[in-house]
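# Remarks on the overall topology
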Amino acid sequence: MGDVVNLRAARKLRKRAESSAQADANRAKFGRTKAERLGDSTESARREKLLDEARLTSDDA
């Protein structure tokens, strides 16, 4: 015969796990300093400029 499971405790455990996963996602999305965000935007702008300068064909033609 199987083990007895308290459904209320299992439900609370599942909710805590979901809550923890949501918190991890929020930390990854919003948990960066202003300097990190500025550095990333500067780096992406630099990369985009470098690619645009290396373009062989012109879009105007």
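Below or above, wherever it landed, is the structure these notes cover. (Residues numbered from 1 in each chain as written. Predicted model: local features only at pLDDT ≥ 70, side-chain atom pairs only at ≥ 80, totals over all residues. Heavy atoms only, no water.)

## Re the overall build of the protein chain
The helix and strand tally for the protein chain stands at two helices and zero strands. Relative to the 2.2 N^0.38 estimate, which gives 10 Å for 61 residues, the radius of gyration of the protein chain is 24 Å and therefore markedly larger than a compact globule would have. For the protein chain, the spread of C-alpha atoms along the principal axes amounts to about 75 × 30 × 15 Å. Only carbon and sulfur atoms are counted for the fraction: they give 55% of the accessible area of the protein chain, which is about 6,200 Å². Side-chain charges of the protein chain comprise 15 positive and 11 negative groups, with the mean position of each set lying 15 Å from the other. (Helix = DSSP H or I, 4+ residues; strand = E, 2+ residues; numbered from the N terminus. Rg over C-alpha atoms; globule rule 2.2 N^0.38 Å. Areas by Shrake-Rupley, 256 points an atom, 1.4 Å probe, with all protein chains shown as cover. Lys, Arg positive; Asp, Glu negative; His and termini not counted. Charge placed at Lys NZ, Arg CZ, Asp CG, Glu CD.)

## A closer look at a positive patch on the surface
Together, R8, R11, K12, R14 and R16 make up a region of like positive charge exposed at the surface. Position of R11 among the secondary structure elements: in helix α1 (residues 7–30). (Patch = residues over 30% accessible without salt bridge, like charges linked within 9 Å, V, L, I, M, F, W, Y side chains within 5 Å. Salt bridge = Lys/Arg side-chain N within 4 Å of Asp/Glu carboxyl O.)

## Things to note about α1
For α1, built from 24 residues, the straight-helix expectation of 34 Å at 1.5 Å per residue is met to within 8% by its first-to-last C-alpha distance of 34 Å. The N-cap residue of α1 is N6: its side-chain oxygen and the backbone nitrogen of R8 are 3.1 Å apart. (Expected span 1.5 Å × (residues − 1). Polar contact = N/O pair within 3.5 Å; in protein donor to acceptor, adjacent residues only side chain to side chain.)

## Considerations on the pattern of salt bridges
Two side chains that carry opposite charge are able to pair once their charged atoms sit near each other. Scanning the entire structure with this criterion turns up six salt bridges. A salt bridge links D24 to R27; the shortest N-O distance between them is 2.3 Å. Taken together, the residues span about one helical turn, with D24 and R27 both in helix α1 at a distance of three residues. For D24, a relative accessible area of 41% gives the class partly exposed. Residue R27 is classed as exposed on the basis of its relative accessible area, which comes to 52%. A salt bridge links R32 to D40; the nearest nitrogen and oxygen atoms lie 2.3 Å apart. Residue classification places R32 among the partly exposed residues on the basis of a relative accessible area of 32%. Assessed through its relative accessible area of 44%, D40 is described here as partly exposed. When salt bridges with common partners are traced through the structure, they connect E43, R46 and R47 into a single cluster. (Buried < 20%, exposed > 50% of the residue type's maximum accessible area, 1.4 Å probe, protein only.)

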